[in-house]
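# Structural features, examined
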Amino acid sequence: MGDRFAHQGNAQLKACVLATKLGADIIPVWNKSNREHTLIGTEPSHLRAEADAAVKALGWEKPYHVDADHIRLETADRFIAPSDFFTIDVADSIGKSAATKSVKAFVDHHPELLGKVVIPHINHPLETTHAEVERVANKFLLAVQDAGKIYRHIARAKGEANFITEVSLDETDSPQTPPELLVILAALADEKIPVQTVAPKFTGRFNKGVDYVGDLKQFEQEFNDDLAVIAFAVKQYGLPATLKLSVHSGSDKFSLYAPIRRALKKFNAGLHLKTAGTTWLEEVIGLAEAGGDGLALAKEIYADALAHIDELCAPYAAVIDIDRKKLPAKETVNGWTSEQFVSALRHDQKNKAFNPSFRQLLHVGFKIAAMKGDRYLNALKQHEAVVAKNVTENLFERHLKPLLLGK
Ligand SMILES: [Zn+2]
């Protein structure tokens, strides 16, 4: 769960409480990336304070974590004290060759990766040649070595047993295939990183705040094969038994939740699903629903976002698909009722007025709200009840229920 403005911790945790009561097994993880902290002007310690306060307020007794999301060596330090979960992002090093010597050492050290590799639950044995393992090692070994450097930096400061390690490879151009994931896991084990969640880039588009776009059959096959590879690698390389797949930009991928649920059941596996920005959109929905000055502020945020569309979209180009022709003019939106605004924004695929382009623009528009400073935060406080209701309902009804309870 991500919470850009740090006001929805209780409402988010309430969704976990509701799902737990119905039998779901959840460990809440609050995440915030260095990029979000920088854009909004918050510190990682604020997220820790928020998580602790929510846990106390709701009497949550199971584990929970605070995730330093997408950090690298140069950004890790301010996260070390307040975080107990680290998403080490090494996507930038993918494709840059490691030293020839270390590639050769890796291939020599892993004869089990050559030839026919039989992995339970993958129908066809993987057939790999020496050249193929070398190619994959060349592509990913430097990234894994970087992950090792960052992991050891955190471990020295924090103590090895005091945090959970995720390695993320998702913010790159091409998806990683299941055989590539196997090589990556072997290399992570060599690097002695006790990785507990790994975020590959999956096939298809994971646009921010909207449904998956891609071949569902292919995704399901790949997701199942990835789970098979993980189960195999845990045994083969002694990686932590808690190793899970992590799905980034995982909010609102409604068409994936049933296939993911089926696969998790089949493998008795866990999952880390990151759902950050969907909560900020529920804040805007809550403000719009409140009417009056809340609705006026929501309209103002849209108008400003539209005026700054290029700069807002630039950092997210790979993870949004906005059809600019479908964006209503600011004058049109200014004439909308609460219901019209909410219908366009809320992710209800059955509602004909739902507008994915409108939603994606507001998704990347949180910087506009951040620039409004106290005016925005005070509006959240003033309309807390209606905002919180939307935040909880979104996570509980549209995310946790279909994913974990099959409802
Ligand atoms: Zn990510």
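Anything mentioned here points back to the structure above.
As the structure is a computational prediction, the values presented were derived from the model and not from experiment.

### Quick notes on the overall build of the protein chain
Along the backbone of the protein chain there are 18 helices and nine strands. Computed over the C-alpha atoms, the radius of gyration of the protein chain is 22 Å, within 12% of the 22 Å expected from 2.2 N^0.38 for a compact globule of 407 residues. The principal-axis extent of the C-alpha atoms belonging to the protein chain is close to 70 × 40 × 40 Å. Looking at the protein chain as a whole, 57% of its 407 residues are labelled buried. Across the protein chain, contacts joining residues at least 24 apart in sequence account for 78% of those joining residues at least 6 apart. Here the protein chain has roughly 17300 Å² of accessible surface; of this, 53% comes from carbon and sulfur atoms. Averaging the coordinates of the 50 positive side-chain charges in the protein chain and doing the same for the 52 negative ones gives two points 3 Å apart.

### Considering the sheet that holds strand β1 (residues 29–33)
The strand order across the open sheet built from seven strands is β1-β2-β3-β6-β7-β8-β9, with neighbouring strands paired in parallel fashion. Each edge of the open sheet is held by one strand with a lone partner, namely β1 and β9 (271–273). Direction aside, neighbouring strands of the sheet carry axes that sit 25 degrees apart on average. Here three bridges tie strand β8 (residues 244–247) to β9, and the two strands are oriented parallel to one another. The residue bridging Ser-246 from the neighbouring strand is His-272, located in β9. Contacting β7 (195–199), β8 and β9, helix α8 (residues 216–237) runs over the sheet at an angle of about 145 degrees to β8.

### Digging into the coordination of the zinc ion
For the zinc ion, the protein coordination sphere consists of His-70 (NE2), Asp-170 (OD) and His-248 (ND1), at 1.9 to 2.5 Å. Sequence spacing among the residues donating to the zinc ion works out to H-x99-D-x77-H. Highlighted residues: His-70 in strand β2 (residues 65–71) and His-248 in the loop between β8 and α9 (254–267), separated in sequence by 178 residues. Summarising the burial analysis for this pair, His-70 and His-248 share the class buried.

### Comments concerning the environment of Ile-368
By the secondary structure assignment, Ile-368 is in helix α16 (residues 366–371). Sequence separation between Ile-368 and Ile-40 is 328 residues, and the spatial gap between their C-alpha atoms is 9.6 Å.

### Thoughts on the pairing of β8
Pairing analysis gives two bridges linking β7 to β8, with the strands arranged parallel. Each residue of the ladder has a partner; that of Thr-197, found in β8, is Lys-244. Taken together, β7, α8 and β8 constitute a β-α-β crossover, and its handedness is right-handed. The parallel pair β8 and β9 is bridged by α9, and the resulting crossover is right-handed.

### Quick look at helix α3 (residues 44–58)
The first and last C-alpha atoms of α3 sit 22 Å apart over 15 residues, in line with the 21 Å expected at 1.5 Å per residue. Considered for burial, the residues of α3 that qualify are Pro-44, Leu-47, Arg-48, Glu-50, Ala-51, Ala-54 and Val-55. The buried residues of α3 occupy an angular sector of 165 degrees when projected down its axis, which confines them to one face. Counted as exposed and oriented over 90 degrees from the buried face of α3: Lys-56 and Ala-57. If you follow the buried residues of α3, they end up packed against α1 (9–21), β1, α2 (34–40), β2 and α4 (77–80). Two residues or fewer after α3 comes Gly-59, characterised by a positive phi angle close to 65 degrees.

Each value, and the rule that gives it
All chains use their own residue numbering, which begins from 1 and follows the written sequence. Reporting in this predicted model follows two pLDDT cut-offs: at least 70 for local features of residues, and 80 or more for side-chain atom pairs to be given and counted; totals over whole chains, interfaces and linings ignore these cut-offs and use all residues. Hydrogens are left out, water is left out, and the side-chain values use all remaining heavy atoms of the structure. Helix and strand definitions here come from DSSP, where helices need a minimum of 4 consecutive H or I residues and strands a minimum of 2 consecutive E residues; each element is numbered from the N-terminal end. We compute the radius of gyration from the C-alpha atoms alone; for a globule the expected value is 2.2 Å times N to the 0.38, where N is the number of residues. Burial classification: accessible surface area is computed with a 1.4 Å probe over protein chains only, and a residue below 20% of its type maximum counts as buried, one above 50% as exposed, and the rest as partly exposed. The contact definition used throughout considers only heavy atoms, calling two residues in contact when any of these lie within 4.5 Å. Residue exposure ignores everything except the shown protein chains as possible cover, and the areas themselves are Shrake-Rupley values with a 1.4 Å probe. Residues counted as positive are Lys and Arg, residues counted as negative are Asp and Glu, and His and the chain ends are not counted. By convention, the point assigned to a charge is CZ for Arg, NZ for Lys, CD for Glu and CG for Asp. A pair of strands is labelled paired if DSSP reports no fewer than 2 bridges between them. The convention used is that axes are lines fitted to C-alpha atoms, helices contributing only their stretch in contact, and that angles between N-to-C directions extend from 0 to 180 degrees. Metal donors were taken as nitrogen, oxygen and sulfur atoms no farther than 2.8 Å from the ion, or 3.2 Å where the ion is Na, K or Ca. Water is excluded, so coordination may look unfinished. Looking down the strands as they point away from you, a crossover is right-handed if its path from the first strand over the helix to the second goes clockwise. To estimate the expected span of a helix, count its residues, drop one, and scale the result by 1.5 Å. Directions drawn from the helix axis to the C-beta atoms are what define this arc.

Shape descriptors only; they carry no functional weight alone.
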